[in-house]
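Notes for the structure review
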Amino acid sequence: MTTTESVPDEFPVRFWNVEDLRGLDFDPFMARQLHDEPVSRVKLPNGEGHAWFVTRYEDVKFVTSDPRFSRQAVVGRPITRLAPHFIPLDEAVGFADPPEHTRLRKAVAKAFTARSLERLRPGAQRAADALLDEMEDEGPPADLMRHLHGPLPLAVISDLMGVPQDDRPRMAEWTNIQLSAAYGREASEKAKSGMASYFTELLRSRLEEPRDDLAGDLAEATREGDLSTEEAVAIALLIQASAAHAVRNNSANMVYALLTHPDQLARLRAEPALLPQAIEELLRYIPHRSAVGLARVATEDVEVAGVRIRAGEVVHSSYLTANRDPAVFDHPDELDFDREHVAHLSFGHGPHFCLGSMLARLESEIILSSLIARFPKLRLAEPLADIRWQRSALIRGPENLPVTW
């Protein structure tokens, strides 16, 4: 549903209600703007004013990499957005611009190198095997959200961060409240405050008793003066929350996509070496979030696709629509494992390219390969209409994913 609001030039403001969608349906408003009005003005359910909305692949790459569009300038402004609150703390790397962004990111980059993450693979595989052992012992039908997609990403990022087993349920609860528009500002801010207090204490304990985990790295960075305590806490919160929640939902979306595309699933069973390529196509195809994430603010007048965006104006860009741009991807609404490789933008672009992209790929590969190998007859246990999808979610995904084998 959209309505328009008059503005004093040729670009009307379109209200984007961002309705809950089922399955992997692509947002019709996004599709319409991509095809009919690729640079437009929108107003979202929360915040104030309106923003530019950029949808095409090359334009999204431009906005997200050009230094004249600032994340730091968003702080303190009640810009129009989907959530009633900002997810990151103000000191988080997500709100920083280079060179500050580079400094903050450097403090945790070594934990996300290919070599460091490959050291996580054996433990992550053992955790997945143990979870699937329990599911198999209980017998079908089983809810993959409860048995696999929920606990595995939480375990992997908690192991990397150094969050003890007993504290992980609290982490999951705080994260779910923050990454939803359903709980309201007060509950979300309370959850964010609780999580920040937790990491403040965890980093303090690592200063007293150093350990070889990401919390230990962040604590050491504060000791060396490379990060303030507030910056280190903000980084820890953002990584813990986003890694657990995003991989939970998107890995579930991948399994749902395969179970509703049986020909592609059968092909992966017959050609397991195709899995990395298939994961890239699934990442492109799946609309993994609702609406848009953090905006940017133009620091000077900039032209985007022939449209002048003035200094101080807010810009939202959509990686989802960029991944469906027909000028870049042939038949973009189809899931095609033979698609010639074109870099999707599901992990972002430019300085804010997702630091955890390789970790997300690793976990997705473990989840899909384990399910395909262990359960050759895996299928949905309920009609599509009976599968529940999260409501008011910022990152889309099913509430339950019932399967049988």
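All figures in this text were calculated on a predicted structure; none of them were measured in a lab.

Some words on the environment of Gln 240
Tracing the sequence through the fold places Gln 240 in helix H11 (residues 229-259). What makes Gln 240 buried here is its relative accessible area of 0%. For the pair Gln 240 and Glu 37, spaced 203 residues apart in sequence, the C-alpha separation works out to 36 Å. Here Gln 240 is in contact with Leu 154, Ile 157, Ser 158, Met 161, Val 163, Met 171, Met 195 and Phe 199, once residues within four sequence places are set aside.

Things to note about the packing of helix H7 (residues 151-161) against helix H15 (residues 357-374)
At a minimum axis distance of 11 Å, the contact between H7 and H15 shows a crossing angle of 140 degrees. Here H7 lies oblique to H15, going by the angle between them. Our pair here, H7 against H15, has a crossing hand that is right-handed. The residues of H15 that touch H7, namely those facing Leu 152, Pro 153, Val 156, Ile 157 and Leu 160, are Leu 359, Glu 363 and Ile 367. The class makeup of the residues in the contact of H7 with H15 is seven nonpolar, no polar and one charged.

Digging into the packing of aromatic side chains
On inspection of all chains with the given rule, the structure shows 11 aromatic pairs. Seen in terms of ring centroids, Tyr 198 and Phe 199 are 5.5 Å apart; in terms of plane orientation they differ by 85 degrees. Their pairing is edge-to-face. Residue classification places Tyr 198 among the buried residues on the basis of a relative accessible area of 11%. Note on Phe 199: relative accessible area 0%, which makes it buried.

Focus on the side chain of Arg 206
By the secondary structure assignment, Arg 206 is in helix H9 (residues 185-208). Assessed through its relative accessible area of 5%, Arg 206 is described here as buried. Filtering out sequence-adjacent residues up to four positions away, Arg 206 remains in contact with Gly 162, Arg 211, Asp 213, Ala 215, Gly 216, Ala 219 and Arg 223.

Some remarks on unusual backbone geometry
Most peptide bonds take the trans form, and the phi angle of most residues other than glycine is negative. Residue Pro 98 is joined to Pro 99 through a cis peptide bond whose omega torsion reads 5 degrees. Residue placement: Pro 99 occurs in the loop between strand S5 (69-70) and helix H3 (100-109). A cis amide bond links Pro 140 to the next residue, Pro 141, at an omega of -5 degrees. Even without glycine at this site, Ala 305 takes up a positive phi of about 50 degrees. Among the structural elements, Ala 305 can be located in the loop between strand S8 (302-304) and strand S9 (307-309). For Ala 305, a relative accessible area of 52% translates into the label exposed. Phi is positive for Ser 392, close to 55 degrees, though the residue is something other than glycine. Inspection of the secondary structure assignment puts Ser 392 in the loop between strand S11 (379-380) and strand S12 (402-404).

Description of the pattern of salt bridges
All chains considered together, the criterion is met by 27 salt bridges. A salt bridge links Glu 231 to Arg 103, with the nearest nitrogen and oxygen atoms 2.7 Å apart. With a gap of 128 residues between them, Glu 231 in helix H11 and Arg 103 in helix H3 connect regions that are remote in the sequence. We note a salt bridge from Asp 133 to Arg 374, for which the minimum N-O separation is 2.8 Å. Note that Asp 133 is positioned in helix H5 (residues 121-138) and Arg 374 in helix H15, a separation of 241 residues in sequence. On the basis of relative accessibility, which here comes to 36%, the residue Asp 133 falls in the partly exposed class. Overlapping salt bridges, with partners in common, bring together Glu 100, Arg 103 and Glu 231 in one network.

Each value, and the rule that gives it
- Residues numbered from 1 in each chain as written.
- Predicted model: local features only at pLDDT ≥ 70, side-chain atom pairs only at ≥ 80, totals over all residues.
- Heavy atoms only, no water.
- Helix = DSSP H or I, 4+ residues; strand = E, 2+ residues; numbered from the N terminus.
- Buried < 20%, exposed > 50% of the residue type's maximum accessible area, 1.4 Å probe, protein only.
- Contact = heavy atoms within 4.5 Å.
- Axes fitted to C-alpha atoms, helices over the stretch in contact; angles between N-to-C directions.
- Parallel < 35°, antiparallel > 145°, perpendicular 65-115°, else oblique.
- Left-handed = near helix turned anticlockwise from the far one by under 90°.
- Nonpolar A, V, L, I, M, F, W, Y, C, P; charged D, E, K, R; others polar.
- Phe/Tyr/Trp six-rings, centres within 6.5 Å; stacked < 30°, edge-to-face > 60°.
- Salt bridge = Lys/Arg side-chain N within 4 Å of Asp/Glu carboxyl O.

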